[in-house]
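Topology and contacts: notes
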Amino acid sequence: MLSAIVGINWGDEGKGRMVDLLSENYDVVVRYQGGNNAGHTVINHLGKFILNLMPSGILRPEVVNVMGNGMVIDLEHLHKEMGKLISAGVKITPENLKISDRAVICLPYHVMQDCLEEERLADAKYGSTRRGIAPVYGDKYMKKAIRIGDLLQPEALKKHLEGVIEWKNLTIEKVYGAQPVSFDAIWEWLKTYGDPIKEFICDTSLYLDEAEKAGKKIMFEAQLGALRDIDFGIYPYTSSSNTIAAYAPIGSGIPNHKLHNVVGVMKAYSTCVGEGPFTCEMFGKEAEDLREAGGEYGAATGRPRRVGPFDIPASRYGVRVQGADEIALTKMDVLSGFEKIPVCVAYDVNGTITKNFPFGADLDAAKPVVEYVDGWNCDITKCRKPEDLPKAALDYVRYIEKEVGCKIKYVSVGAEREEYIEF
Ligand code: GDP
Ligand code: MG
């Protein structure tokens, strides 16, 4: 049984909490793309955790966690993240954490290059998290990457790294006019942060294939959302990897297997971190109230998130490209204080009203068509069954379900593990 939990919108939909909840019924949780630009928040009896690299299943001792070949891994960050989890009492051993030998290492010069490029772009910046993600994926496709498995073959790595650093310094010095990176510093960094994780490195493709054949239940945890997918997202304001469910078998190393179920996570309203078109964006007091009510500040970066009403054209598109079979609608409780709830029902693209998600300059030109539905104006955080919800809240769920064309299976009404309703 292979399931994926993926974001329908711009990310931060609450994937981490849904993985934490649903992984109870799974044997394995796999991250298949992205790096430490993710911020997945999990709140349970052990405390509050913000996971950047580690699959959210790490908080369940019986779950095996896999960091797949599609990931880019900053070893220094991994070292810190593991340290924090271990000191909070989380068990991490080669039995419950497996890191793909084919995953790519995000190095200090990738972070440096990311910052140099954002600074060069100045006002036209992409809104990168500056964690080196675009440069490291760039290197992967230029075939200049250093992979996790290389740590186990130091002689070959040394030779490869020498050539790569010579190449990288051409860009750093001659394009950006910055100080070159030294081989010794990078080598030292690789030893300091690479040596302690050697015991976790394995052929995760083989492991997952055997696990699937043995009937184990495997869950894929995506980072970000459909609108940040490198192919289908709002390019170039996307991430540098495929965030969609279809990539899960590739990014985890089992392209020979098919997904059985895709859970799309979407928020009851919209948020967006970073630059680029965000058609439904609200400003002023209405936006501030929503941002405060939802605590909308980036989990990885602390940046205030841009906010807006639920966006039907964007979410319909997200549902389609994710191939979602069912939806988890999160943060319904955040809308409780609003008398009337705005919904972006369509886009106006140069006078044409559409529910389809536009391309390029059409998206830049799009204006939101906003309508208001009735709010419920009462606390719903204690609701645990659909019939506990006030009628207006239930109507909101049914309305969104119909508009995006996918069954809403879960509604979350609070950040903690048990604060949700199953439909
Ligand atoms: P992810 O990146 O998709 O895993 O989502 P984030 O963790 O970045 O952002 C989701 C935020 O919403 C976190 O702070 C969660 O603790 C919080 N959250 C998740 N579900 C709910 C909910 O139902 N209600 C409320 N109030 N907060 C929630
Ligand atoms: Mg997040």
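Just so it is clear, the structure is predicted and the values come from calculations on it, not from any experiment. (Residues numbered from 1 in each chain as written. Chains lettered and ligands numbered in written order. Predicted model: local features only at pLDDT ≥ 70, side-chain atom pairs only at ≥ 80, totals over all residues. Heavy atoms only, no water.)

Let's talk about the overall build of the chain
- When helices and strands are tallied, the chain shows twelve helices and 20 strands.
- What you see for the chain is a C-alpha radius of gyration of 22 Å, in line with the 22 Å of a compact globule of 423 residues.
- Across its three principal directions, the C-alpha atoms of the chain cover 65 × 50 × 40 Å.
- Taking all 423 residues of the chain together, the buried fraction comes to 59%.
- Residue pairs in contact within the chain that sit at least 24 positions apart in sequence constitute 76% of those at least 6 positions apart.
- Surface exposure of the chain reaches about 17500 Å², of which carbon and sulfur atoms provide 51%.
- Both charge centroids of the chain, one from 50 positive and one from 60 negative side chains, sit 2 Å from each other. (Helix = DSSP H or I, 4+ residues; strand = E, 2+ residues; numbered from the N terminus. Rg over C-alpha atoms; globule rule 2.2 N^0.38 Å. Buried < 20%, exposed > 50% of the residue type's maximum accessible area, 1.4 Å probe, protein only. Contact = heavy atoms within 4.5 Å. Areas by Shrake-Rupley, 256 points an atom, 1.4 Å probe, with all protein chains shown as cover. Lys, Arg positive; Asp, Glu negative; His and termini not counted. Charge placed at Lys NZ, Arg CZ, Asp CG, Glu CD.)

Side note on the sheet that holds strand β19 (residues 408–412)
- Taken in spatial order, the ten strands of this open sheet run β9-β7-β5-β2-β10-β1-β11-β15-β19-β20, and their pairing is mixed. Each edge of the open sheet carries a strand with a single partner, namely β9 (201–202) and β20 (420–422).
- Summarising the sheet, strand β15 (residues 326–330) and β19 pair through three bridges and their orientation is parallel. Note on β19: the bridge partner recorded for leucine 329 is valine 411.
- Lying on the sheet, helix α12 (residues 391–404) is in contact with β11 (261–267), β15 and β19; it crosses β19 at an angle near 135°. (Pairing = 2+ DSSP bridges. Axes fitted to C-alpha atoms, helices over the stretch in contact; angles between N-to-C directions.)

Observations concerning the packing of aromatic side chains
- Under the criterion given, the structure shown has ten aromatic pairs.
- Arranged with centres 4.9 Å apart and planes meeting at 25°, the rings of tyrosine 317 and phenylalanine 357 form a pair that is stacked. Of this pair, tyrosine 317 sits in helix α10 (residues 312–322) while phenylalanine 357 sits in the loop between β17 (352–354) and α11 (360–365), placing them 40 residues apart in sequence.
- Each ring, one from tyrosine 347 and one from phenylalanine 357, has its centre 6.1 Å from the other, and the planes form 55°; the classification is tilted. Note that tyrosine 347 is positioned in strand β16 (residues 340–349) and phenylalanine 357 in the loop between β17 and α11, a separation of ten residues in sequence. Residue tyrosine 347 shares its accessibility class with phenylalanine 357, and that shared class is buried.
- Ring pairs connect the aromatic residues Tyr32, Phe220 and Tyr247, which therefore count as one cluster. (Phe/Tyr/Trp six-rings, centres within 6.5 Å; stacked < 30°, edge-to-face > 60°.)

Things to note about the pairing of β11
- Along β11, seven of the seven residues are buried, which leaves the element largely enclosed by surrounding structure.
- Bridge analysis of strand β1 (residues 2–7) against β11 gives five bridges, and the strand direction is parallel. The residue of β11 that forms the bridge with valine 6 is glycine 264.
- Pairing between β11 and β15: five bridges, direction parallel. Residue methionine 266 lies in a different strand from β15, and its bridge partner there is leucine 329.

Topic: the pattern of salt bridges
- Overall, the coordinates contain 23 salt bridges when judged by the stated rule.
- Glutamate 275 is paired through a salt bridge with lysine 125; the nearest N and O atoms lie 3.8 Å apart. Separated by 150 residues along the polypeptide, glutamate 275 in the loop between β12 (270–272) and α9 (284–294) and lysine 125 in the loop between α3 (108–121) and α4 (133–141) bring together distant segments of the chain.
- The class of glutamate 275 is partly exposed, set by a relative accessible area of 31%.
- A salt bridge links glutamate 296 to arginine 305; the shortest N-O distance between them is 2.7 Å. In this pair, the class of glutamate 296 matches that of arginine 305, namely buried.
- Taken together, the shared-partner salt bridges in this structure form one network comprising Asp12, Lys267, Glu296, Arg305 and Lys331. (Salt bridge = Lys/Arg side-chain N within 4 Å of Asp/Glu carboxyl O.)

Describing the domain arrangement of the chain
- What the domain assignment lists for the chain is domain 1 (2–99 + 203–263), domain 2 (104–196) and domain 3 (264–422).
- Put simply, the middle of domain 1 and the middle of domain 3, counted by C-alpha atoms, are 23 Å apart.
- Taken together, the contact between domain 1 and domain 3 spans 41 residues of the former and 41 residues of the latter.
- Among the residues of domain 1 in contact with domain 3, Ile8, Trp10 and Arg17 are the three that bury the most area, contributing 23% of the side total.
- Viewed at the interface, domain 3 and domain 1 are joined by two salt bridges.
- Among the ionic pairs, aspartate 12 bridges to arginine 305, the shortest N-O distance being 3.2 Å. (Domains from an automatic or database assignment. Buried area = accessible area lost by both parts, 1.4 Å probe.)

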